[in-house]
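Report on the structure
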Protein chains: 2
Amino acid sequence: MDINQYMHTLGQQARTASRALARADAGAKNKALLAIADDIRISALTLKQENARDLQAGQEKGLDAALLDRLELTNARIESMAEGLEQIAALPDPVGEISDMNYRPSGIQLGKMRVPLGVIGIIYESRPNVTADAAGLCLKSGNATILRGGSEAIHSNQAIAQCIHRGLQLAGLPTSAVQVVETTDRAAVGQLITMPEYVDVIVPRGGKSLIERISNDARVPVIKHLDGICHVYIDAAADLTMAEDIAVNAKCHRYGVCNAMETLLVDQAVAADILPRLAQRYAVESVELRGCEQTRIILPECIAATDEDWDTEYLAPILSIRVVAGIDEAMDHIHQHSSGHTETIVTEDYARSRRFLAEVDSSSVMVNASTRFADGFEYGLGAEIGISTDKLHARGPVGLEGLTSQKWIVLGSGQVRS
Amino acid sequence: MDINQYMHTLGQQARTASRALARADAGAKNKALLAIADDIRISALTLKQENARDLQAGQEKGLDAALLDRLELTNARIESMAEGLEQIAALPDPVGEISDMNYRPSGIQLGKMRVPLGVIGIIYESRPNVTADAAGLCLKSGNATILRGGSEAIHSNQAIAQCIHRGLQLAGLPTSAVQVVETTDRAAVGQLITMPEYVDVIVPRGGKSLIERISNDARVPVIKHLDGICHVYIDAAADLTMAEDIAVNAKCHRYGVCNAMETLLVDQAVAADILPRLAQRYAVESVELRGCEQTRIILPECIAATDEDWDTEYLAPILSIRVVAGIDEAMDHIHQHSSGHTETIVTEDYARSRRFLAEVDSSSVMVNASTRFADGFEYGLGAEIGISTDKLHARGPVGLEGLTSQKWIVLGSGQVRS
């Protein structure tokens, strides 16, 4: 098989399907989503058989236990895929939404209409449930999709693709609206990200090295998320009980997630009060603490943080702590070390809460809430295709709206320019 | 001078200035804009002296008359730069606008805040007035700017930069908020578009080859506009008098602009009626017509259009004409040949007007209005930094809002995730 030719064919088919999908009404799209959910439930046995082939190949290849776990399709995960599609069907259709219609002095009536982006390429790693989730979000937002999953999940992904195609057919939508790349050849990725004539945007999901490689090589816009180096700043005017709960939740609720806190900043005025209390809580959770010099005066048992710590996303029960002279030093630290994902201030001070909200340049900026809320479900987006730390287009959790754009529409009655 | 080192220094200074600018209130920014406008008026003589150096060098280099014209700073153009800045000062400040604040079931209050993008790099060709216009828009939207004008306008641009710096100083804003690259070395452009650590977005303004080169080489998002192949479709149910006026205005109001019509599509049901009337009007304006076979049966004097014509932005008194079987064929033609800029349907048919608005995938889609309205001033944006034919982020005319992004803000009262 000539990979370039194969990918061009997928691209052409996706571009053609994208026009049918952009025209499809919410009824047809929801019918397809519900039919795919039904088909996934009915096909549970087949899905598990195909998944078993991937698992066996993975074991033979010596994949580690964590990877094999992510790869496995259990009954619960199959049911969760189906439920996810039903939830997407229940969301309002963003396509065609008209806003800001106003008359201009020339007499034209001007506004904006929300429309699909067109064709979305999704590149992801081992978890096969992404195939259903991503296809569902793209379908609902009227976009055609080309999905390229990990080679270790190829049989599982192809089996899910069959369910999707049957659902699309039942709803009278073109099956090429969702195409799952059938080859494990890596050249397919290289081709997918360099076909601006067929693909409007790429969403890579996976480890940092995958995303960096794709960003560097893509000739198509990329909605991406690299790091989640999130900060909590405990201000001098913080409610210290609240600060304690937020700092523990932001670090310990889950370790391997991008919206977990990695660095705690504490105003020197309250450091001696709050740090020993926090150290006790973190000790219970077996969190390793790495502190600046001032932190270590208060917590002598704390390991010394190195320069590298401030730029590290641990994704683990490790926390770096720095005592700062005030909000300006805290914000300077954040501007220098944050990945632009999520930052929180804990304070009861009105002016400083406003400054933090206005001046911190991250996709989510919070007052008195855990960084863990930066999430598509918590934000009411229903589901998310990913979290963007870019500034253009979608920022933060990307749901249906992030998969659309707004075009200008003009209603006239014969106006010409003079 | 080491160009890379020089550009890095500009980048670092811009990044630092961008934080001060993001914090600056509307009062300070407007004060700076008005001070720059005053300074430009006061400095008219100096501006013309420096401009004369560029003009002389251009003549010696043998630049053509059109280029020399674009390069010239007349009294009227100097006044127009000053007025442009005053108009930008009068626009509402987009920064800090908070929208969609709602409580989530968790108790957090979630919304969006509009914020500057950060640092914007602008690359443009001969017209020195872009220096003032672009600096003004970026300043008002709270962004630091690095401007790289054409080498033929270097003295004019540096003189305008002096006015801008004096205005910034008077308003207490850092002068490095607007930096005009002082070298004409082309390596500066290569460096500017590959410093994602300092530059958040590049806006290239100029010919297609410049923009294509920058898009290909950039490591930073690019807000760009390549072609303006705009279409007018005269539907079977068009008011033919209206259609005639719109088709003439869209082609003849100005030829060298991106929102001029390049191809006219006519439903076969009205072609025999409208084409001879239009041919008369175009003859008066000396517009050369190039038609499909059916067009040439109705207008035998018309030149035969080649395949290339449908993909050509003439920017000249030339028009390609194609007779189509109906709206589907018209939209197929547009999808195949349009550059995604602006398309118009002329019709009195309700259903077809809705289909055209929904299904045509261009940055501006119009019913019964001239394509010439696709413009920042006509759309009420006050001014535009450019017109984007991309789908992500800003689409169509890009004004202040297109130079900002929205971050999520969360107001809590101690919420943690359970």
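Here the structure is a predicted model, which is why all the values come from computation and not from measurement. (Residues numbered from 1 in each chain as written. Chains lettered and ligands numbered in written order. Predicted model: local features only at pLDDT ≥ 70, side-chain atom pairs only at ≥ 80, totals over all residues.)

A look at the environment of Arg219(A)
Residues and elements named next belong to chain A. On the secondary structure map, Arg-219 appears in the loop between α9 (208–217) and β7 (230–234). Each C-alpha atom, one on Arg-219 and one on Ile-193, is 6.1 Å from the other, the two residues being 26 residues apart in sequence. In contact with Arg-219, other than residues within four places in its own chain, are Ile-193, Thr-194 and Pro-196. (Helix = DSSP H or I, 4+ residues; strand = E, 2+ residues; numbered from the N terminus. Contact = placed C-beta atoms within 7 Å.)

Considerations on the sheet that holds strand β13 (residues 364–369) of chain B
Read from one edge of the open sheet, ten strands run β1(A)-β2(A)-β16(A)-β13(B)-β12(B)-β7(B)-β8(B)-β11(B)-β9(B)-β10(B), paired in mixed fashion. Two strands in the sheet have a free side with no partner beyond their single neighbour: β1 (98–103) of chain A together with β10 (303–304) of chain B. In terms of strand pairing, β1(A) meets strand β2 (residues 109–116) of chain A through four bridges, oriented antiparallel. Bridging across to β2(A), Ser99(A) finds its partner in Lys112(A). (Pairing = 2+ DSSP bridges.)

Comments concerning the pairing of strand β7 (residues 230–234) of chain B
All names here are of chain B. Most of β7 sits inside the fold, with five of its five residues counted as buried. Neither face of β7 is open: one carries Cys-230, Val-232 and Ile-234, the other His-231 and Tyr-233, and all of them are buried. Where β7 lies against strand β8 (residues 261–267), five bridges are found, and the strand directions are parallel. Following the sheet pairing, Val-232 is matched in β8 by Leu-264. Across four bridges, β7 lies against strand β12 (residues 342–346) in parallel orientation. Note that in β12 the partner of Ile-234 across the bridge is Val-346. (Buried ≥ 20, exposed ≤ 12 C-beta atoms within 10 Å, placed from the backbone.)

Regarding the environment of Gly228(B)
All names here are of chain B. The residue Gly-228 is located in the loop between α9 (208–217) and β7 in this model. With 137 residues separating them in the primary sequence, Gly-228 and Val-365 have C-alpha atoms 13 Å apart. Those residues in contact with Gly-228, other than ones at most four positions away along the chain, are Cys-258, Asn-259, Glu-313, Ser-339 and His-341.

Notes on the environment of Arg395(A)
Relative to the helices and strands, Arg395(A) resides in the loop between β14 (386–388) and β15 (396–398). Given 23 C-beta atoms within 10 Å, Arg395(A) falls into the buried group. The contacts of Arg395(A), once residues within four sequence positions are left out, are Ser363(A), Ser388(A), Asp390(A), Ser405(B), Gln406(B) and Lys407(B).

A word on the relation of the copies chain B and chain A
With an RMSD of 0.0 Å, the fit of chain B onto chain A corresponds to turning through 180 degrees and sliding 0.0 Å along the axis. The transformation just described matches what one would write down for a two-fold rotation axis. Rotation axis and chain B: the residue whose C-alpha lies nearest the axis is His393(B), separated from it by 2.0 Å. A share of 100% of the interface residues of chain B reappears at the interface of chain A, consistent with the copies meeting face to face through the same patch. (Least-squares fit on C-alpha atoms with pLDDT ≥ 70 in both.)

Comments concerning the packing of helix α2 (residues 26–42) of chain A against helix α5 (residues 75–90) of chain A
All names here are of chain A. Between α2 and α5, whose axes approach to 9 Å, the crossing angle comes to 170 degrees. Comparing the axis directions of α2 and α5 gives the class roughly antiparallel. Residues Asn-30, Leu-33, Leu-34, Ile-36, Ala-37, Ile-40 and Arg-41 of α2 form the contact with α5, whose own contacting residues are Ile-78, Met-81, Ala-82, Leu-85, Glu-86, Ile-88 and Ala-89. By residue class, the composition of the contact of α2 with α5 is eleven nonpolar, one polar and two charged. (Axes fitted to C-alpha atoms, helices over the stretch in contact; angles between N-to-C directions. Parallel < 35°, antiparallel > 145°, perpendicular 65-115°, else oblique. Nonpolar A, V, L, I, M, F, W, Y, C, P; charged D, E, K, R; others polar.)

Side note on the interface of chain B and chain A
Facing 57 residues of chain B, the contacting portion of chain A comprises 57 residues. Broken down by class, the residue content of the side of chain B that touches chain A amounts to 24 nonpolar, 20 polar and 13 charged. Here strand β13 (residues 364–369) of chain A pairs with strand β16 (residues 404–415) of chain B via five bridges, running parallel. Paired with Val367(A) across the bridge in β16(B) is Leu411(B).

A closer look at the pairing of β16(B)
All names here are of chain B. Across the twelve residues that make up β16, a large majority, nine, are buried. Where strand β2 (residues 109–116) meets β16, eight bridges bridge the pair, whose relative direction is antiparallel. Bridging across to β16, Gly-111 finds its partner in Ile-409.

Quick notes on the sheet that holds strand β6 (residues 201–205) of chain A
All names here are of chain A. Strand order in the open sheet made by the four strands is β5-β4-β3-β6, with parallel pairing throughout. What marks the edges here is a single partner per strand, and that holds for β5 (178–180) and β6. Along the sheet, successive strands turn relative to each other by an average axial angle of 15 degrees, direction set aside. Summarising the sheet, strand β3 (residues 119–124) and β6 pair through five bridges and their orientation is parallel. Each bridged residue has a counterpart across the sheet, and for Ile-122 the counterpart in β6 is Val-203.

Structural notes on the nonpolar core
Counting residues in hydrophobic clusters, the biggest one holds 152 residues, and the most contacted among them are Ile36(A), Leu85(A), Ile202(A), Ile36(B), Leu85(B) and Ile202(B). Filtering out sequence-adjacent residues up to four positions away, Ile36(B) remains in contact with Leu85(B), Cys163(B), Ile164(B) and Gly167(B). (Core = buried A, V, L, I, M, F, W, Y, C linked by C-beta atoms within 7 Å.)

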